[in-house]
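# Reading the structure
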Amino acid sequence: MASMKRVALAPRAVRQLRRVRSVYLVGMMLSVLGLVLQSGREGGGRQSEIAGVLVVVFTVLLGLAVVQLWRHQRTAHCSTAKRLTPSG
């Protein structure tokens, strides 16, 4: 099993990931709601497929954002993260 490379993110990138994480979560929840509403109808084929694809896409995007933030938290002690942090 290959080890994951540690990555230090710039503070701006961390803020953007935190913001977009909530957008992905809302998108995923709305897609699930659409899927549930379409499953109650007969013949909602195409709309159900689109809602299902959107659920998968938003789930993957949310997962990637969470993993990146998690990996960044683990590298808070490394020298690259300290160099990228603005010192006042």
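Reference entry: report on the structure contained in this document. (Residues numbered from 1 in each chain as written. Predicted model: local features only at pLDDT ≥ 70, side-chain atom pairs only at ≥ 80, totals over all residues. Heavy atoms only, no water.)

## Things to note about the overall build of the protein chain
Helix and strand counts for the protein chain stand at three helices and zero strands. Along the protein chain, helices and strands appear, N-terminal first, in the series α-α-α. Here the protein chain holds 88 residues, and 22% of them are scored as buried. For the protein chain, the share of sequence-separated contacts (at least 6 apart) that also reach a separation of at least 24 residues comes to 77%. (Helix = DSSP H or I, 4+ residues; strand = E, 2+ residues; numbered from the N terminus. Buried < 20%, exposed > 50% of the residue type's maximum accessible area, 1.4 Å probe, protein only. Contact = heavy atoms within 4.5 Å.)

## Digging into the nonpolar core
In terms of nonpolar packing, the biggest core is built from eight residues, these being Leu9, Val14, Leu17, Tyr24, Met28, Leu62, Ala65 and Leu69. In terms of residue count, helix α1 (residues 11-39) provides more of this core than any other element does, four residues in total. (Core = buried A, V, L, I, M, F, W, Y, C linked by side-chain atoms within 4.5 Å.)

## Considering α1
Taking 1.5 Å per residue as the helical rise, α1 with its 29 residues ought to reach 42 Å, and the 42 Å between its terminal C-alpha atoms agrees with that figure. When we look at burial in α1, the residues that qualify are Val14, Leu17, Tyr24, Gly27, Met28, Ser31 and Gln38. (Expected span 1.5 Å × (residues − 1).)

Just distances and angles here, no functional claims.
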